[in-house]
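# Topology and contacts: notes
Take a look at the letters that make up each chain.
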Amino acid sequence: MENPTKNKIQNLIDLNPVMVFMKGTKLMPQCGFSNNVVQILNSLGVTFNTFDVLSDFEIREGIKEYSEWPTIPQVYLKGEFLGGSDILIEMYNAGTLKEKIEIALAS
Ligand SMILES: N[C@@H](CCC(=O)N[C@@H](CS)C(=O)NCC(=O)O)C(=O)O
Ligand code: FES
């Protein structure tokens, strides 16, 4: 996937230490899975940026190809794919998510 879509995805991930590809916006998530991620990051006081894949079909499909992960939401931490809703819930419940994010952001 060497194309403008991939470049746009790469730029978003490079520029934003915590980058969330989701359905809807922080204030109005359009799916429960995306809402889960927003609520978890908000509750931990994490600063994050979002991209609404419902506004761009190329990015919606491109992000799945980029990460080889088939679903939205997708959370990236310092350029690395961290997970979707299930994985974030798991890390949040395990109590490991905040520290993982803080360590990554400090490095
Ligand atoms: N188990 C997934 C749930 C997310 C999910 O199933 N997303 C679906 C429905 S929102 C999806 O992205 N489908 C492909 C699409 O809508 O493009 C997770 O942990 O994030
Ligand atoms: S939009 Fe239907 S499950 Fe996410």
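Position numbers for residues count from 1 along each chain, tracking the sequence in the order it is written. Lettering for chains starts from A, numbering for ligands starts from 1, and both go in the order in which the items are written. Per-residue local features are limited, in this predicted model, to residues with pLDDT of at least 70; the limit for side-chain atom pairs, both in listing and counting, is 80 or more; totals at the level of whole chains, interfaces and linings are taken over all residues. With hydrogens and water set aside, each side-chain value is computed from the structure's full complement of heavy atoms.

## With respect to the packing of helix 1 (residues 4-15) against helix 3 (residues 57-67)
Short version of the rule: For every element, the axis is a line fit to its C-alpha atoms; helices are fit only across the contacting stretch, and the angle between N-to-C directions ranges from 0 to 180 degrees. Runs of H or I in DSSP of at least four residues are treated as helices and runs of E of at least two as strands, each being numbered from the N terminus. Each angle receives one of four descriptions, namely roughly parallel if under 35 degrees, roughly antiparallel if over 145, roughly perpendicular if within 65 to 115, and oblique otherwise. Note on contacts: a residue pair qualifies if any of its non-hydrogen atoms lie within 4.5 Å across the two residues. Polar here means any residue outside two lists: the nonpolar Ala, Val, Leu, Ile, Met, Phe, Trp, Tyr, Cys and Pro, and the charged Asp, Glu, Lys and Arg; Gly therefore counts as polar.
At a minimum axis distance of 9 Å, the contact between helix 1 and helix 3 shows a crossing angle of 75°. Relative to helix 3, helix 1 is oriented roughly perpendicular. Every residue of helix 3 that contacts helix 1 at Thr5, Lys6, Lys8, Ile9, Gln10 and Ile13 is listed here: Glu58, Ile59, Gly62, Ile63 and Tyr66. Class assignment for the residues of the contact of helix 1 with helix 3 results in five nonpolar, three polar and three charged.

## Concerning the site of ligand 1
Worth spelling out the cut-off: One heavy atom within 4 Å of a molecule or strand makes the whole residue count as near it. Any N or O atom pair separated by 3.5 Å or less is treated as a polar contact, with the protein-specific requirement of one donor-capable and one acceptor-capable atom, and with residues adjacent in sequence counted only for side-chain atom pairs. Only the protein chains shown count as covering a residue, and every accessible area follows the Shrake-Rupley method with a 1.4 Å probe.
Taken together, the neighbourhood of ligand 1 is formed by Lys23, Cys31, Phe33, Arg60, Lys64, Thr71, Ile72, Pro73, Gly84, Ser85 and Asp86. Interatomic distance of 2.7 Å between a backbone N/O atom of Ile72 and an oxygen atom of ligand 1. Asp86 is positioned such that a nitrogen or oxygen atom in its backbone is 2.7 Å from an oxygen atom of ligand 1. Burial of ligand 1 by the protein amounts to 75% of the accessible area it has alone, namely 500 Å².

## Structural notes on the packing of helix 2 (residues 32-43) against helix 4 (residues 85-94)
For any two helices packed against each other, the geometry comes down to the angle between their axes and how far apart the axes lie. The test is simple: Handedness of a crossing follows from how the near helix is turned relative to the far one, being left-handed for an anticlockwise turn of less than a right angle and right-handed for a clockwise one.
Between helix 2 and helix 4, the shortest axis-to-axis distance is 9 Å and the interhelical angle comes to 30°. Relative to helix 4, the element helix 2 is oriented roughly parallel. Like other packed secondary-structure pairs, helix 2 and helix 4 cross with a definite hand, here left-handed. The residues of helix 4 that touch helix 2, namely those facing Phe33, Asn36, Val37, Ile40, Leu41 and Ser43, are Ser85, Leu88, Ile89 and Tyr92. Across the contact of helix 2 with helix 4, the residue classes tally to seven nonpolar, three polar and no charged.

## Here's the deal with the sheet that holds strand 3 (residues 74-77)
Where strands meet in a sheet, backbone hydrogen bonds hold them as pairs that are either parallel or antiparallel. Definition in use: A strand pair is defined by DSSP finding two or more bridges across the two strands.
Strand order in the open sheet made by the four strands is 2-1-3-4, with mixed pairing throughout. At either end of the open sheet lies a strand with only one pairing partner, and these are strand 2 (49-52) and strand 4 (80-83). Neighbouring strand axes in the sheet, compared pairwise and without regard to direction, differ in orientation by 25° on average. Alignment of strand 1 (residues 18-22) against strand 2, held across four bridges, turns out to be parallel.

## Remarks on the UniProt feature "binding site: [2Fe-2S] cluster" (unreviewed entry) in the protein
Quick reminder of the rule: UniProt positions are given in the numbering used here, feature names are shortened, and annotations may be inferred rather than shown by experiment. In this scheme, a residue with accessible area under 20% of its type's maximum is buried, one over 50% is exposed, and one in between is partly exposed, where area comes from a 1.4 Å probe on protein chains only.
Under the UniProt annotation, "binding site: [2Fe-2S] cluster" (unreviewed entry) lies at Cys31. Classification of Cys31 as partly exposed rests on a relative accessible area of 23%.

## Examining unusual backbone geometry
Residue Ile72 is joined to Pro73 through a cis peptide bond whose omega torsion reads 10°. Structurally, Pro73 can be placed in the loop between helix 3 and strand 3. Positioned with a positive phi, Lys78 is a non-glycine residue whose angle comes to about 50°. Along the chain, the position of Lys78 falls in the loop between strand 3 and strand 4.

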